[in-house]
Amino acid sequence: IELLKILKIKRAHFIGSSMGGAVATKLTYIQPEIVLSLILIDSYGTIKTPSYIHNLVEETGHNPMLEINSRDDYKTMLSLAMVKPPFIPGFMLDVLVENMKEKLVLNKKILKDSENDSDLSYILPKLKSPSLVIWGAEDNVLHVDNADVFSSELNYCRKVVIEKTGHVPMVEEPKITATHIAEFINKITCHC
């Protein structure tokens, strides 16, 4: 909100993925007058069906999305997050692994803090902005059933599920994701 003020942007379309979706949802609730539309991609904020990762963490106490100590750990994380992970050269994997190691404590704290405020279902019916929910059909991080909660509770909502896609459709299927977003924004902007 402060950044928008500094940039002198009075209204905008807000797009949030995963935890960013929860942030965009809260922002829409707190300051609806600045939100032209809300676009959520595999969003955190309500749990209808626990995901594969959620169940794995409950069973083992190990979170493969955060606890990364090697190239293999990083590749496992990618394969859990995406149906079609991109190729990443070895030297770059080493940099990414070191980055994850350095941020482990911070990432665990962020996750724990977000879990304390993870259920946003109570605010969804109060949001009046046009909304688009995009979800990967094979999301292991946040189950695709959660898309139904968002789409049924949000007013003026359209839902899109992208087949053979995981938690990050904008990476796995960028053209499809961008097309849905552009069509949605064009439709609400021109009131067609």
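Residue numbers run consecutively from 1 along every chain, following the written order of its sequence. In view of the model being predicted, local features appear only for residues whose pLDDT reaches at least 70, and side-chain atom pairs are presented and counted only at 80 or more, with totals across whole chains, interfaces and linings using the full set of residues. Only hydrogens and water are removed before side-chain values are computed, so all heavy atoms of the structure are retained for them.

What to know about the nonpolar core
Our working definition: We call a set of buried residues a nonpolar core when its members are Ala, Val, Leu, Ile, Met, Phe, Trp, Tyr or Cys and they connect through side-chain atoms within 4.5 Å of each other. Only protein chains enter the calculation, and the probe is 1.4 Å; a residue is then buried if its accessible area is under 20% of its type maximum, exposed if over 50%, and partly exposed in between. Only DSSP runs of H or I covering at least 4 residues are called helices, and only runs of E covering at least 2 are called strands; the numbering of each starts at the N terminus. Whether two residues are in contact is decided by their heavy atoms, any of which lying within 4.5 Å being enough.
Counting 38 residues, the largest nonpolar core has Phe-14, Met-65, Tyr-74, Trp-135, Phe-150 and Leu-154 as its most contacted members. Going through the elements one at a time, β1 (12–17), α2 (19–30), β2 (35–41), α4 (71–81), α5 (90–102), β3 (131–136) and α7 (145–153) are the ones with two or more residues in this core. Excluding residues that lie within four positions of it along the chain, Trp-135 makes contacts with Asp-42, Ser-43, Leu-142, His-143, Val-144, Asn-146, Ala-147, Phe-150, Val-160, Val-161, Ile-162 and Pro-169. Ile-39, Val-160, Ile-181 and Ile-185 belong to the second-largest nonpolar core, a separate cluster that totals 9 residues.

Section: the sheet that holds β2
For the record, the criterion: By the convention used here, strands pair only if DSSP detects at least 2 bridges between them. Only the contacting stretch of a helix is used when fitting its axis, a line to C-alpha atoms as for every element, and angles between N-to-C directions run 0 to 180 degrees.
Ordered in space as β1-β2-β3-β4, the 4 strands form an open sheet in which the pairing is parallel. For this open sheet the edge positions go to β1 and β4 (157–162), each flanked by a neighbour on one side alone. Put simply, the sheet's adjacent strands are angled 15° from each other on average, direction ignored. As paired strands, β3 and β4 are joined by 6 bridges and run parallel to one another. Pairing of Val-133 across the sheet is with Lys-159, part of β4. Those strands touched by α7 are β2, β3 and β4, and its axis lies near 175° from that of β3.

Some points on α5
Note the following rule: How far a helix is expected to stretch is found by multiplying one less than its residue total by 1.5 Å. Directions from the helix axis toward the C-beta atoms define the arc.
Spanning 13 residues, α5 covers 19 Å between terminal C-alpha atoms, matching the ideal 18 Å at 1.5 Å per step. Every buried residue of α5 is accounted for by Leu-93, Val-97 and Met-100. End-on, the buried residues of α5 take up no more than an arc of 65°, which puts them together on one face. Away from its buried face, by an angle of more than 90 degrees, α5 presents the exposed residues Phe-91 and Glu-102. Tucked inside the fold, the buried residues of α5 contact α4 and α6 (104–115).

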